[in-house]
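Coordinate inspection notes
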Amino acid sequence: MPSPSRRTVLATGSAVGGALLAGGMPAQARAADHSDTSASDPWRTVLDDADLVWQRMPKTWYEGPYLGNGFLGSGIYAEPGAETKAVRFNVQHSEVQDHRPEFGSLFGLARLPIGWFTLEPVGAITGLDWRLGLRDAELTGTLTTDQGTLTLRALVHNSRSVLAVEVTPSEGERDFRWVFHPADAISPRADFKPLPDGYQGNPPAEVAEHDGVSTAVQPLLSGGQHVTAWRERTRGGTRCLYVHVAHSYPKSTALGRALTTVRGASALPYDRLAGTHRAWWHAYYRKSFLSLPDARIQRFYWIQLYKTASAARRDAPVMATSGPWLESTPWPNTWWNLNVQLEYWLIHGSNHLELDAVTRALSEFRGNLSKEVSDRYRADSLGIPRTTDPQLVNGAAGTLTGYGVGIPGQDPPTPEVGNLTWALHNVWLSYRHTMDESILRDVLFPLLRKAINYYLHFLEPGADGKLHLPATFSPEYGGNSRDCNYDLMLLTWGCRTLLESAELLGIKDALAPRWREVLAQRVPYPTDANGFMIGADIPFAKSHRHYSHLLAVYPLYELTGRTPDELALIEKSLAHWVGFEGALQGYTFTGAASMSALLGKGEDALTYLGQLMTRFIQPNTMYKESGPVIETPLSAAQSLHDMVCQSWGGIVRVFPALPTAWADLTVHDFRTQGAFLLSAVRSGGVTRWVRLVSEAGAPCVVRHGIAGAIDVRDGRGRPLRYRAVSDGTIQVALRKDESVLITARGERPDLTIAPVRPNADAPRWGLPA
């Protein structure tokens, strides 16, 4: 039976039965006892094992604990220059920004720093013992001074958006204090680049008291304000600080909202707040499960799930480069030429579509996307520039203040035109993993149609009879090139997806003949002896961190090595790209790992992830270049997904690229394209069973990886008809909510979901002793 067509793939679209909650290996971490589950619970086992610990004082953002809920964020570390005297609790918020578009997204629309609290003990700090408990999303532990101890618990409440820090002091530390330090409300980019002419910082914050609640009101020159409100309450021997941040524009309504929120939260003891907070997080983690025998990487993976839910919510702003935490950075806004796309990939396989802010934002603020292209194209085209604020506004176009979309064949501004199409690929992934037709109909198709239409204005036939693109820019190589691979690859994917989407939706679009012409007549991707070029005018000839010239390989899966020549081209291009040291950065290695996984090279993928871990990942699993950038560790989790399961092209591939060392692996409710939930167990290097639950009744084609004859059964254990597609690949007809279980012939495996044993001990993340 031939492989399913791409049209079939696009068109297709619970809980796994059995004893799936039995225990696994003994927990290697402390077992908190305020839970609704036992220490034998597999989620509790892996989460407790992944807790970050600090037995040395973190001195920077890249070393310390962090808390967040997609809006309010706090990073915790020693007060710079006063490491033995105070601990900083940064207070930042993803909605707090300036509103002066005349100075562009990097200055006039930039995220604004808010400030920080210092926890100032009576004595000098001599030690600490902290744990960031992933399962409860809570920091706990003690701070020791030469005068006593401070026992603390801290969280950023999931729904109330309140930072709560409860401190129980010993007798000698009863007089510790909290101090708030408002930050200068100026774009953080000012520390890295010259200010635009006429730009000035906002006036200082105004600190006041309101019937027991303290506030710092930050007026904005553009109108509006952001307000930090806090209150400390004493109950018995404990003192609890409650903090909330509110932002309003253009009206000055944030003060009232902040006061109301803090008064309501501070009426509740810490434990009351923590109860509802913990319940949300416990349910969050149970949407999927993954365990593998590399302890360091397994812990890293679960930390990324914690980090993502701390930084993202569907109704929160699309993640800026540093998530809700804002530190010193030249990138104080949202970046669309790679960062956003990588930040959100892991939500699909991990079954966390509730965090998808990209689809929501592109839909909600689509009106602003037409304003980012030149006037003459706004009637039928859309684009997104390199940087925007949360409402997808760029402001002034220029190298000092922001980067506009540009016009192919012209410069300035830099003609960087493919970013919206790439962002819409994320929307397509959300559609494919849910089979929610409203995403396809209401968001993807209308936006992609206009994004591709922008290209169609500039395609021209050449002397060779092929369609060519004028010079455009490939992030972030430098220089403009005709037939730029970044744009040709996105254009190809976009036209193909539009045709298939229109057929699915029953739309007879007048542009369909043009899309077909592009697919039939566009110039081949420029290549040379080293593989894919940047474009027809620019070879790949220097170190380059970005894989903008390789998108057809990953993540678009337009080229996958189907023929020997195609495979050789991919292998040659990948080796040439990573062969230039100098400019390579962390996401170079996550991209290389995922491309290796595409080729089934699990050892290579693991090697690239190992280089990432040893060269770039910081003690708390954050990542930095010139400033904090959150996308790289999150995309490393997606690279791990790509090793465990791939579902491009209409086939669910189970364990397609595992290294030999990962002989045991368990995955549960991993979401795939076609809206299937995959559970599978591998032990002793052998896949023992594979189970898929269909949420949408899509055609189910699975490359199960079980050698020899198989049994295929439904959810009640009855034989289920199937058709062999190829060796190790079968097609099964599943209706919505039906399931299939695949095992070796005659096997009745234990369907328990449990953690696997680690191959070796590994240090915890954080700063252990």
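Structure: see above.
As a starting point, this report considers the structure included with it. (Residues numbered from 1 in each chain as written. Predicted model: local features only at pLDDT ≥ 70, side-chain atom pairs only at ≥ 80, totals over all residues. Heavy atoms only, no water.)

**What to know about the overall build of the protein chain**
Within the protein chain, the regular secondary structure consists of 18 helices and 34 strands. Taking 769 residues into account, the globule formula puts the C-alpha radius of gyration at 27 Å, and the protein chain, at 26 Å, falls close to it. Overall size of the protein chain, expressed as C-alpha extent along the three principal axes, is 80 × 70 × 45 Å. Counting every atom, the protein chain has about 26300 Å² of accessible surface; 50% of that belongs to carbon and sulfur. (Helix = DSSP H or I, 4+ residues; strand = E, 2+ residues; numbered from the N terminus. Rg over C-alpha atoms; globule rule 2.2 N^0.38 Å. Areas by Shrake-Rupley, 256 points an atom, 1.4 Å probe, with all protein chains shown as cover.)

**Structural notes on the pairing of strand E27 (residues 676-683)**
Judged by how many residues are buried, E27 sits mostly within the fold: seven of eight residues are covered. One ladder, built from six bridges, connects strand E26 (residues 665-672) with E27; its direction is antiparallel. By the bridge assignment, threonine 666 is partnered in E27 with valine 681. Taken together, E27 and the strand that follows it, strand E28 (residues 686-694), pair antiparallel across an intervening segment of two residues, in which glycine 684 is found at a positive phi of about 60 degrees. (Buried < 20%, exposed > 50% of the residue type's maximum accessible area, 1.4 Å probe, protein only. Pairing = 2+ DSSP bridges.)

**A short note on the pattern of salt bridges**
For the structure on display, the rule yields 35 salt bridges. With a closest N to O distance of 3.3 Å, glutamate 171 and arginine 174 form a salt bridge. Comparing glutamate 171 with arginine 174 shows no difference in burial state: the two are exposed. The partner of arginine 449 in a salt bridge is aspartate 509, and the shortest N-O contact between them spans 2.7 Å. Of this pair, arginine 449 sits in helix H12 (residues 437-456) while aspartate 509 is found in the loop between helix H13 (485-505) and helix H14 (512-521), placing the two residues 60 residues apart along the sequence. For aspartate 509, a relative accessible area of 12% gives the class buried. Each member of the salt-bridge network shares a partner with another, and the members are Arg135, Asp136, Glu138 and Arg278. (Salt bridge = Lys/Arg side-chain N within 4 Å of Asp/Glu carboxyl O.)

**Let's talk about the sheet that holds E27**
With antiparallel pairing, the six strands of this open sheet are ordered in space as E15-E26-E27-E28-E33-E30. Of all strands in the sheet, those bounded by a partner on one side alone are strand E15 (289-291) and strand E30 (710-714). Averaged over all adjacent pairs, the angle separating strand axes in this sheet is 20 degrees, with direction ignored. (Axes fitted to C-alpha atoms, helices over the stretch in contact; angles between N-to-C directions.)

**Focus on the sheet that holds strand E29 (residues 700-703)**
Read across the open sheet, the five strands follow the order E24-E25-E29-E32-E31; overall the sheet is mixed. In this open sheet, the two edge strands, each paired with only one partner strand, are strand E24 (645-646) and strand E31 (722-726). Pairing geometry for E24 and strand E25 (residues 652-654), over two bridges, is antiparallel. If you follow glutamine 646 over to E25, its bridge partner there is arginine 653.

**Some points on the pairing of E30**
Among the five residues in E30, five count as buried, and that is most of the element. The pairing of E30 with strand E33 (residues 739-744) spans five bridges and is classified as antiparallel. Across the sheet, residue aspartate 714 finds its bridge partner in E33, namely valine 740.

**Overview of the packing of aromatic side chains**
Counting across every chain of the model gives 39 aromatic pairs. On the numbers, 5.4 Å between centres and 35 degrees between planes, the contact of tryptophan 281 with tyrosine 306 is tilted. With a gap of 25 residues between them, tryptophan 281 in helix H5 (residues 270-285) and tyrosine 306 in helix H6 (residues 295-311) connect regions that are remote in the sequence. Side by side, tryptophan 281 and tyrosine 306 carry an identical accessibility label, which is buried. Relative to tyrosine 554, the ring of tyrosine 547 lies with its centre 6.4 Å away and its plane at 50 degrees, an arrangement referred to as tilted. (Phe/Tyr/Trp six-rings, centres within 6.5 Å; stacked < 30°, edge-to-face > 60°.)

**Some points on the environment of tryptophan 43**
Mapped onto the elements, tryptophan 43 comes out in helix H2 (residues 42-50). Sequence separation between tryptophan 43 and proline 58 is 15 residues; the distance between their C-alpha atoms is 28 Å.

**Some remarks on H14**
Residues of H14 that are buried include every one of Ala512, Trp515 and Val518, and no others. Projected down its long axis, H14 shows its buried positions confined to an angular sector of 120 degrees, all on one face. Packed against the buried residues of H14 are H12, strand E19 (467-468) and H13. (Arc of directions from axis to C-beta. Contact = heavy atoms within 4.5 Å.)

**What to know about the nonpolar core**
Core analysis: the biggest nonpolar cluster contains 222 residues, and Tyr285, Trp302, Leu362 and Trp515 have the highest contact counts within it. Here the element with the most residues in this core is H12; it accounts for 12 residues. Apart from residues no more than four positions distant in its own chain, tryptophan 302 is found in contact with Trp43, Val46, Leu47, Ala50, Leu134, Tyr285, Ser288, Phe289 and Leu290. Formed by 10 residues, the second largest nonpolar core is a distinct cluster that contains Ala265, Tyr270, Leu273 and Ala274. (Core = buried A, V, L, I, M, F, W, Y, C linked by side-chain atoms within 4.5 Å.)

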